[in-house]
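Letter by letter, the chains look like this.
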Amino acid sequence: MTRQPTHPLPPLRETVRAHGLSASKALGQNFLFDEQLLDRVAALPGDLDGQTVFEVGPGPGGLTRALLRAGARVIAVERDDRCLPLLGELSEAFDGQLQVVADDAMVIDADRQAGGPYHIVANLPYNVGTALFTRWLEPASWPPLWLSLTLMFQLEVAERIVAPVGTNAYGRLSVLAQWRSTARIAMKVHRSAFTPPPKVMSAIVHVVPAEQPDGVNPKILSQLTEKGFGQRRKMLRQSLKGMAGAVEALDELGIDPTRRAETVSVAEWVALARTLSA
């Protein structure tokens, strides 16, 4: 069911112009004005009517409008004070559906804000997107409180998230996104869709939790992949030697220590982490 605002809203582009707002390069902002595209993004998590959605960096509220039209209760975290008046107008138009948190998403506890199961949907600011994504993938408790992640990234980052072992794009993000969740590129977005157009193409990644392998400490896996891919041109026996027991675990599992991180499958990283978690 599509929700309608309590009073007509002017097109977002007009609202932005009326407020004299422009995208901040320092905050990694690129605005989306295409309502049809934004409605398609809001549809990716499934039926959001009555669901809670956590949104990071809503800016002037283009995606926020689409989420509200889809019936979601939206918690929008925005650190750019210039955008707050526009989001305030949106909150008034969708009475009771939008909560605006004027803060930095890097210091916000999304679970606490949501208070129950929720979806994360965001056109992530480029400068904090990867850091937020890895944080959402690493909670000790699994399945997480979030039900799905629907996130806009630079296409290059999106390809790293879904990359299979042995490819140039395969790396730490691939392992963290795939070892206990399912990730796919749901949609590519041309640079011309944004104002101002970024220098690169973008893509929307959709992630849902899967079953977590038994006996694996997520912190251990995170540390292993950080060391392994942090020096990806080195052999494993070199890149992992600073982690207690890691080189011995390679021998125990029959993993050749002269291999490099990008040749190690997700299952092998998990097996290594399980051995060190025991």
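Cut-offs and rules
- Residues numbered from 1 in each chain as written.
- Predicted model: local features only at pLDDT ≥ 70, side-chain atom pairs only at ≥ 80, totals over all residues.
- Heavy atoms only, no water.
- Core = buried A, V, L, I, M, F, W, Y, C linked by side-chain atoms within 4.5 Å.
- Buried < 20%, exposed > 50% of the residue type's maximum accessible area, 1.4 Å probe, protein only.
- Contact = heavy atoms within 4.5 Å.
- Axes fitted to C-alpha atoms, helices over the stretch in contact; angles between N-to-C directions.
- Helix = DSSP H or I, 4+ residues; strand = E, 2+ residues; numbered from the N terminus.
- Parallel < 35°, antiparallel > 145°, perpendicular 65-115°, else oblique.
- Left-handed = near helix turned anticlockwise from the far one by under 90°.
- Nonpolar A, V, L, I, M, F, W, Y, C, P; charged D, E, K, R; others polar.
- Pairing = 2+ DSSP bridges.
- Phe/Tyr/Trp six-rings, centres within 6.5 Å; stacked < 30°, edge-to-face > 60°.

Q: Could you clarify how one ought to interpret the nonpolar core in this entry?
A: Grouped burial of nonpolar side chains is what soluble globular proteins tend to show. Formed by 33 residues in total, the largest nonpolar core has its most connected members in F54, F133, W136, L149, L151, F153 and I161. Leave out the neighbours within four places in its chain, and I161 touches F133, F153, L173, S174, A177, Q178, A183 and V205. Counting 25 residues, the second largest nonpolar core, distinct from the first, contains L38, L44, A66 and F194.

Q: I would appreciate a short explanation of the packing of helix α9 (residues 218-230) against helix α12 (residues 266-277) in the present structure.
A: Each pair of packed helices gets described by two things: the angle between the helix axes and the distance between those axes. Between α9 and α12, the shortest axis-to-axis distance is 9 Å and the interhelical angle comes to 125°. Between α9 and α12, the angle falls in the class oblique. The element α9 and its partner α12 pack so that their crossing is right-handed. Counting all contacts with α9, which are made through I220, L221, L224, T225, G228 and F229, the residues of α12 involved are W269, V270, L272, A273, L276 and S277. The residue inventory of the contact of α9 with α12, partitioned by class, reads 9 nonpolar, 3 polar and no charged.

Q: How should the side chain of T225 be read in this particular structure?
A: Position of T225 among the secondary structure elements: in helix α9. Excluding anything up to four places from it in sequence, T225 contacts R172, V175, L176, G230 and W269.

Q: Is there a simple way to think about the sheet that holds strand β4 (residues 98-101) in this case?
A: Strands in a sheet are paired, the pairing made by backbone hydrogen bonds, and the direction either parallel or antiparallel. Spatially, 7 strands are ordered β4-β3-β2-β5-β6-β9-β7 in an open sheet, and the strand pairing comes out mixed. Unpaired on one side and paired on the other, β4 and β7 (181-189) mark the two borders of the sheet. Each neighbouring strand pair of the sheet contributes to a mean axis angle of 20°, computed without reference to strand direction. Bridge count between strand β5 (residues 118-123) and strand β6 (residues 146-154): 6 bridges; the pairing is parallel. Looking at β6, one finds that A122 is bridged to L151. Most of the contacts of helix α2 (residues 35-43) go to β7, to which it runs at about 170°, and overall it touches β5, β6, β7 and β9 (202-209).

Q: Could you clarify how one ought to interpret the packing of aromatic side chains in this entry?
A: Aromatic ring pairs are reported here in terms of the distance separating the ring centres and the angle at which the planes meet. Counted under the stated rule, the structure contains 6 aromatic pairs. Relative to F33, the ring of F31 has its centre 6.4 Å away and its plane inclined at 70°; by these criteria the two rings are edge-to-face. Each member of the pair, F31 as well as F33, carries the same accessibility label: buried. With a centroid separation of 6.4 Å and 70° between ring planes, the pair formed by F54 and Y118 is classed as edge-to-face.

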